[in-house]
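# Fold and geometry: a report
If you want the building blocks of each chain, they are given just below.
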Amino acid sequence: MNAVSDTSATRTTAEWQAADSAHYLHPFTDFKSLASKGSRVITRADNIYLWDSEGEKILDAMSGLWCVNVGYGQQALIDAATAQLKQLPFYNSFFQTATPPAIELAELLAEVTPPQFKHVFFSGSGSEGNDTVVRMVRRYWDLMGQPERSVIISRHNAYHGSTMAGASLGGMSYMHAQGGLPIPGIVHIQQPFWYVHGHGKSRDEFGLEAAGWLEAKILELGADKVAAFIGEPVQGAGGVIVPPATYWPEIQRICDQYGILLVSDEVICGFGRTGNWWGCETMGFRPDLMTFAKGVTSGYIPLGGVMVGNRIARVMIDQGGEFEHGYTYSGHPVACAVALANIRLIQREGLVDKVRNDTGPYLAEHFKALAEHPLIGEAQSIGLMGALQIVKDKATHECFDSALEVGMICRGHCFANGLIMRAVGDRMIIAPPLVITRQQIDEMVGLIRFCLDATLRDLQQRGLT
Ligand code: PXG
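Rules of the game
Residues numbered from 1 in each chain as written. Predicted model: local features only at pLDDT ≥ 70, side-chain atom pairs only at ≥ 80, totals over all residues. Heavy atoms only, no water. Domains from an automatic or database assignment. Contact = heavy atoms within 4.5 Å. Buried area = accessible area lost by both parts, 1.4 Å probe. Polar contact = N/O pair within 3.5 Å; in protein donor to acceptor, adjacent residues only side chain to side chain. Helix = DSSP H or I, 4+ residues; strand = E, 2+ residues; numbered from the N terminus. Pairing = 2+ DSSP bridges. Near = heavy atom within 4 Å. Areas by Shrake-Rupley, 256 points an atom, 1.4 Å probe, with all protein chains shown as cover. Nonpolar A, V, L, I, M, F, W, Y, C, P; charged D, E, K, R; others polar. Axes fitted to C-alpha atoms, helices over the stretch in contact; angles between N-to-C directions.

## Points about the domain arrangement of the protein chain
- Split into domains, the protein chain comes out as domain 1 (40-73 + 351-461) and domain 2 (75-349).
- The centre of domain 1, based on its C-alpha atoms, is set 26 Å off from the matching centre of domain 2.
- Of the residues lining the interface, 36 residues belong to domain 1; the matching set on domain 2 comes to 37 residues.
- Summed over both partners, the interface of domain 1 with domain 2 comes to about 2,900 Å²; 61% of that surface belongs to carbon and sulfur atoms.
- Our count for the contact surface shared by domain 1 and domain 2 stands at 21 residue pairs in polar contact (both at pLDDT 80 or more).
- Broken down by secondary-structure element, the contributors of at least two residues to the side of domain 1 that touches domain 2 are α4 (63-66), α16 (351-370), β11 (376-382), β12 (385-390), β14 (422-424) and β15 (427-430).

Okay, here's the thing in structure tokens:
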């Protein structure tokens, strides 16, 4: 036991839970319902495993929250944070100042991103990064003398964060319902979810049709009103929805045709998740802006930002005038030092190539086999993110009644059997750390199969299959 777990062992699970429900309001949580159950208290982690306050070992197939790309316990990141905390724990980048880690990280990001990116604007999170996107896109069109180009088009079931702008860009109706969102000037088109909306069409046909919804929306609004289109290369929180191969190249063509800025939200897909450094590289498009967070520090410390493509950077830099936007923690030196260590580790260990050539294809083979499971209608994976769609009828794609919460039944079995897998409705999703080995993939898939079998037995006992 190390010092951290000794500290966490100072209270029993029941004591932690009591203090937790007395004082701590968790994100995206029904406070009342959680108080009646009590939280699971996670006390330590190593590699791809977590331990809870009961000492139970758990395989973390979600990388924390899609972020711990290099796995837990990486000494290089710990050392980088410690050294920077001693050297200079904080200074800002306002008022014509900068710190060495922020400058070096900007330089390194320009090296590992596609060639159109030479500049970065730092934030503290992905949500803040997307707030920056909204401000920057509108500033760009102001500087271009076209201020009426202010509408940003996004997609239903997208997730772009939880600030006012992030939640507005996102397409989660249950989020919009609280707080009068979206804010003005943000509209949504349907997502490219072939399994649900494309039945009867080939994936490629459907990809073109779904991209066409963007063109239809642009024509409805008037191209001279549209500033940008934003999307996750592969929708993450929406359920790991891998679009057809035809989708993004057609989106690119449409944005080019109407001069609209293209924004890739790489908060989940960035830093190797899909088997390339960036999801846009995997899906074949060339964004003007890229939001990042999570994997930039492997979640060890908060950091986010926006890569700013030359088309926008040149206008903002060359025309001058202050960009009235920024955060206290833009370019936080400790966060930037951890990001530098994290990116260098990804490079040194060749993690992106490993995902593309080895573990990604290996997971895909396993997923092909899981698609044969009686409950699974579709098994999709790309790099190290994957989804298993639980269905009632594999032939017709009919889903279970959502009131049955079949995904939650399955998640309950995962929870009880040492596996963290997310349920998005009845879509079970994974995004394990990029350091996962083939042997650990075997272990993870074994657990997934066990939990699917247990879910099937539950449904059979209730006469639902
Ligand atoms: N964009 C994308 C694509 C994301 O996935 C954000 C922006 C916001 O980042 P911050 O750092 O502000 O949280 C995210 C975050 C889930 C889940 O349930 C996903 C996220 C956050 C919380 C829960 O899958 N993604």
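## Notes on the pairing of strand β3 (residues 57-60)
- Across 3 bridges, strand β2 (residues 49-52) lies against β3 in antiparallel orientation. Bridged to W51 within β3 is K57.
- Connecting β2 to the next strand, β3, in antiparallel fashion are 4 residues, including G55 with a positive phi near 85°.
- Pairing analysis gives 2 bridges linking β3 to strand β13 (residues 419-420), with the strands arranged parallel.

## A short note on the site of the ligand
- By nearness alone, 16 residues border the ligand, and W66, G126, S127, D265 and R422 come closest of all.
- K294 has a polar side-chain atom sitting 3.3 Å from a nitrogen atom of the ligand.
- One of the side-chain nitrogen or oxygen atoms of R422 is found 2.5 Å away from an oxygen atom of the ligand.
- Within the complex, 83% of the 540 Å² of free accessible area of the ligand lies under protein.
- Elements with a minimum of two residues in the shell around the ligand: α4 and α7 (126-143).
- Here the shell around the ligand is composed, by residue class, of 6 nonpolar, 6 polar and 4 charged.
- Per-domain counts for the shell around the ligand show at least three residues from each of domain 1 (40-73 + 351-461) and domain 2 (75-349).

## A word on the sheet that holds β3
- Read from one edge to the other, the open sheet built from 4 strands follows the order β1-β2-β3-β13, with strand pairing classed as mixed. Strands with a single pairing partner mark the edges of an open sheet, and in this sheet they are β1 (42-46) and β13.
- Bridge count for β1 against β2 is 4 bridges, and the pairing is antiparallel. By the bridge assignment, I42 is partnered in β2 with D52.
- Across the sheet, helix α18 (residues 438-461) touches β2, β3 and β13, and the angle it forms with β3 is around 105°.

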